[in-house]
Amino acid sequence: MEEPQSILITGGVRSGKSRLALSFAVPPRFFVATAAAKDREMLQRIRNHQAERGDNWDLLESPLLSPQELDVSLGYRDYKWLVIDCVTLWVSNLVIAGLSRSSILERAEAVMKVAQDKGVNTVCVTSEVGMGLVPTYPLGRIYRDILGEVNKLMASLSTSVYLMVAGIPKKVK
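Remember, predicted model here, so these are calculated numbers, not experimental data. (Residues numbered from 1 in each chain as written. Predicted model: local features only at pLDDT ≥ 70, side-chain atom pairs only at ≥ 80, totals over all residues. Heavy atoms only, no water.)

*Asks:* For this particular structure, what's the right way to read a nonpolar patch on the surface?
*Replies:* On the surface, Tyr-137, Leu-139 and Ile-142 cluster together to form a nonpolar patch covering roughly 310 Å² of accessible area. Counting through the fold element by element, Ile-142 comes out in helix 6 (residues 138–157). (Patch = residues over 30% accessible without salt bridge, like charges linked within 9 Å, V, L, I, M, F, W, Y side chains within 5 Å. Areas by Shrake-Rupley, 256 points an atom, 1.4 Å probe, with all protein chains shown as cover. Salt bridge = Lys/Arg side-chain N within 4 Å of Asp/Glu carboxyl O. Helix = DSSP H or I, 4+ residues; strand = E, 2+ residues; numbered from the N terminus.)

*Asks:* Before we go on, may I ask you to explain the pairing of strand 7 (residues 168–171) in this structure?
*Replies:* Every regular strand shows the same layout, with side chains that alternate between the two sheet faces. Bridge count between strand 6 (residues 160–165) and strand 7: four bridges; the pairing is antiparallel. Across the sheet, Tyr-162 pairs through a bridge with Lys-171, a residue of strand 7. The turn joining strand 6 and strand 7, which pair antiparallel and follow one another in sequence, is formed by two residues; a positive phi near 50° is taken by Ala-166. (Pairing = 2+ DSSP bridges.)

*Asks:* Mind showing me how you'd approach unusual backbone geometry here?
*Replies:* Excluding glycine, a negative phi dihedral is what most residues carry, and trans is how most peptide bonds are arranged. Here the amide bond leading from Pro-27 into Pro-28 is cis, since omega sits at -5°, within 30 degrees of zero. By the element assignment, Pro-28 lies in the loop between helix 1 (17–24) and strand 2 (29–33). Unusually for a residue other than glycine, Arg-14 sits at a positive phi of about 60°. If you trace the backbone, Arg-14 turns up in the loop between strand 1 (6–11) and helix 1. Among the residues examined, Arg-14 registers a relative accessible area of 69% and is labelled exposed. A positive phi angle is found at Ala-166, which is not glycine, with a value near 50°. Checked against the element boundaries, Ala-166 lands in the loop between strand 6 and strand 7. Since its relative accessible area comes to 72%, Ala-166 is described here as exposed. (Buried < 20%, exposed > 50% of the residue type's maximum accessible area, 1.4 Å probe, protein only.)

*Asks:* What should I look at first to understand helix 3 (residues 67–74) in this one?
*Replies:* Along helix 3, the residues classified as buried are Pro-67, Leu-70, Ser-73 and Leu-74. The arc that holds every buried residue of helix 3, seen down its axis, measures 130°, which confines them to one face. Contacts from the buried residues of helix 3 go to strand 2, strand 3 (58–61), strand 4 (81–85) and helix 5 (101–118). (Arc of directions from axis to C-beta. Contact = heavy atoms within 4.5 Å.)

*Asks:* What's the story with the layout of surface pockets in this structure? I'm lost.
*Replies:* Space left empty within the atom packing is revealed by a probe, the size of a water molecule, rolled over the atoms. The volume enclosed by the largest pocket comes to roughly 840 Å³. Lining of the largest pocket is provided by 27 residues; of these, Arg-14, Ser-18, Arg-45, His-49 and Leu-89 occupy positions nearest its centre. Of all the secondary structure elements, the ones that give two or more residues to the lining of the largest pocket are helix 1, strand 2, helix 2 (40–53) and helix 4 (87–96). Of the residues forming the lining of the largest pocket, the biggest block, eight residues, is contributed by helix 2. Among the residues making up the lining of the largest pocket, the classes are represented as nine nonpolar, 10 polar and eight charged. Of the pockets and cavities examined, the second largest pocket occupies roughly 180 Å³. Together, 13 residues line the second largest pocket, and Ser-6, Met-112, Lys-113, Gln-116 and Leu-157 are the ones closest to its centre. Here the element with the most residues in the lining of the second largest pocket is helix 5; it accounts for five residues. (1 Å grid on protein atoms, 1.4 Å probe; cavity = no way out; pocket = protein on both sides within 12 Å on 5 of 7 lines; lining within 4 Å. Points joined across faces, edges and corners; volume = space filled by probe spheres on them. Nonpolar A, V, L, I, M, F, W, Y, C, P; charged D, E, K, R; others polar.)

This is the structure in structure tokens:
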């Protein structure tokens with residue numbers, strides 16, 4: 001059996017990361033959505049992503065995704081592809097929920113391991129937040145630093161890494 005692919009796609013906001021992620025995944029496929037519709041604007045963003053994705057996906061909406069939850073969800077079918085969109089919101093949700101830096105890093109590694117153990121090709125979408133201004137408030141700096149560490153960890157565990165720049169994918173690993 002061939003080793004499953006694991007792809008990390010990073011880049012700026014609205015750079016085309018999700019569209020690239022969707023282009024890799026062929027049925028049967030599973031989508032993990034980490035966004036929570038806490039206001040009208042976010043609800044519209046979620047609806048736009050749903051429309052772009054279409055209906056031919058099994059779906060788990062999980063703002064606080066755990067490895068156990070993913071393991072159970074992937075156990076229902078022999079999936080070829082898993083897309084997690086997006087790690088950026090997932091880490092934000094975990095920080096706000098009060099998880100420690102080490103707990104978040106352990107969770108990210110465990111989620112990647114679940115997909116690998118199931119033999120599912122995986123695409124994770126994340127944002128590159130460390131290239132902008134340093135946040136002026138402590139929680140913003142904590143979040144930025146933890147996301148940077150999660151991105152680095154996921155990149156090290158991925159077989160391929162893409163950086164999206166203005167809609168153009170650049171393979172960096």
